[in-house]
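Each chain is listed here by its residues.
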Amino acid sequence: MTTTLRPTGPLQRSADGSKARTFDVCVNSRPVGSIALATHDVFGPQVCRVVALRIEEPDRRRGRATVAALAAEEVARGWGCRRIEAAVPAESPGALRLATALGYVERNRGMAKRLPAEPPALPAGVRGRPMTEDEYTAWLAEAKLSYARTWIERGVPEDEARAKSEADHADNLPQGLATPGVLLSVLTDRGERVGHLWLKVNDDAGFVFDVEVGERHRGRGHGRSLMLLAEAQTRAAGKHSLALNVFAGNTPALRLYESLGYEPLSYHLYKPLL
């Protein structure tokens, strides 16, 4: 039996070079599922995203998804893409196993936690205070560089990583410290600055964009204190859950989040197209 992709409509093209197309996954011309592909809205037309992949229940566990995913890579190569990416929900372990078997590598994962009514208090002598304008200026310059380096280390070309860093910071901090819903804080231990926190409170939850302990102050529990500060600020804003992103390879951060009760929401993976 032969598994193939059959377009459900014409290739969608935009003036900026982006492309998108949906295909039926067929076995001997019989539709058994679908797959949707599109070039990346951030990294541009040289990166393809698997937007969705679905195989009907009676045809699962027969290799249909594997063939469809491999065929999608050929479509992406035909579009001139040099990388393909996918986001896998945490509740789909089979899809994660498939992607890993096909050579996809985890770049980052989303995690979240339902917050207790009363987050634990910070340790004695540890406080959080608002970031000043001067601190913000210095922090922003370093944050952009650090964020770009993180993407470069995980397979994103330098020009794409720097452009993403500039765009993401501009989108999420359009008014700097005065951006609505944004809380930029400095953590101090007996008056000494030891770390910083960038939290945004949305309509339904909080999201940690950046949390970092200064190099000289690591290994003393300040990362946990910063997360407790984020949880307290989120609860003070009337929200009940907090989400974050953690990059693959950042084992200390992942262990911290897991110890605090954060659970995976989604896995974001990529694969170079040679």
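Just above, that's the structure.
Residues numbered from 1 in each chain as written. Predicted model: local features only at pLDDT ≥ 70, side-chain atom pairs only at ≥ 80, totals over all residues. Heavy atoms only, no water.

(A) Structural detail: the overall build of the chain. Along the chain, the regular secondary structure elements total six helices and 13 strands. Summarising its shape, the C-alpha atoms of the chain cover approximately 70 × 40 × 30 Å along the three principal directions. The 274 residues of the chain split such that 44% are buried. At a minimum sequence separation of 6, the contacts of the chain that also span at least 24 residues come to 63%. Accessible surface computed for the chain: about 14200 Å², of which carbon and sulfur atoms make up 52%. Put simply, the chain has 37 plus and 33 minus side-chain charges, and the middle of one group is 5 Å from the middle of the other. (Helix = DSSP H or I, 4+ residues; strand = E, 2+ residues; numbered from the N terminus. Buried < 20%, exposed > 50% of the residue type's maximum accessible area, 1.4 Å probe, protein only. Contact = heavy atoms within 4.5 Å. Areas by Shrake-Rupley, 256 points an atom, 1.4 Å probe, with all protein chains shown as cover. Lys, Arg positive; Asp, Glu negative; His and termini not counted. Charge placed at Lys NZ, Arg CZ, Asp CG, Glu CD.)

(B) Quick peek at the nonpolar core. Among the nonpolar cores identified, the biggest contains 27 residues, and Ile35, Leu37 and Tyr104 are the most heavily contacted of them. Secondary-structure elements contributing two or more residues to this core are strand E3 (19-27), strand E4 (30-40), strand E5 (44-55), helix H1 (64-78), strand E6 (83-89), helix H2 (93-101) and strand E13 (263-272). No other element matches H1, which puts five residues into this core. Those residues within four positions of Ile35 in sequence are excluded, and the remaining contacts are Leu5, Arg21, Thr22, Phe23, Val25, Val50, Ala52, Leu53, Ala68 and Ala72. Within the second largest apolar cluster, 24 residues are counted, among which are Met111, Leu199, Leu228 and Tyr262. (Core = buried A, V, L, I, M, F, W, Y, C linked by side-chain atoms within 4.5 Å.)

(C) Spotlight on helix H4 (residues 158-172). The end-to-end C-alpha separation of H4 is 21 Å, in line with the 21 Å expected for 15 residues at 1.5 Å each. Looking at H4, one finds that the buried residues are Glu160, Ala161, Lys164, Ser165, Asp168, His169 and Asn172. The arc that holds every buried residue of H4, seen down its axis, measures 155 degrees, which confines them to one face. On the buried face of H4, the contacting elements are E5, E6, helix H3 (133-152), strand E9 (182-189), strand E10 (192-201) and strand E11 (206-213). (Expected span 1.5 Å × (residues − 1). Arc of directions from axis to C-beta.)

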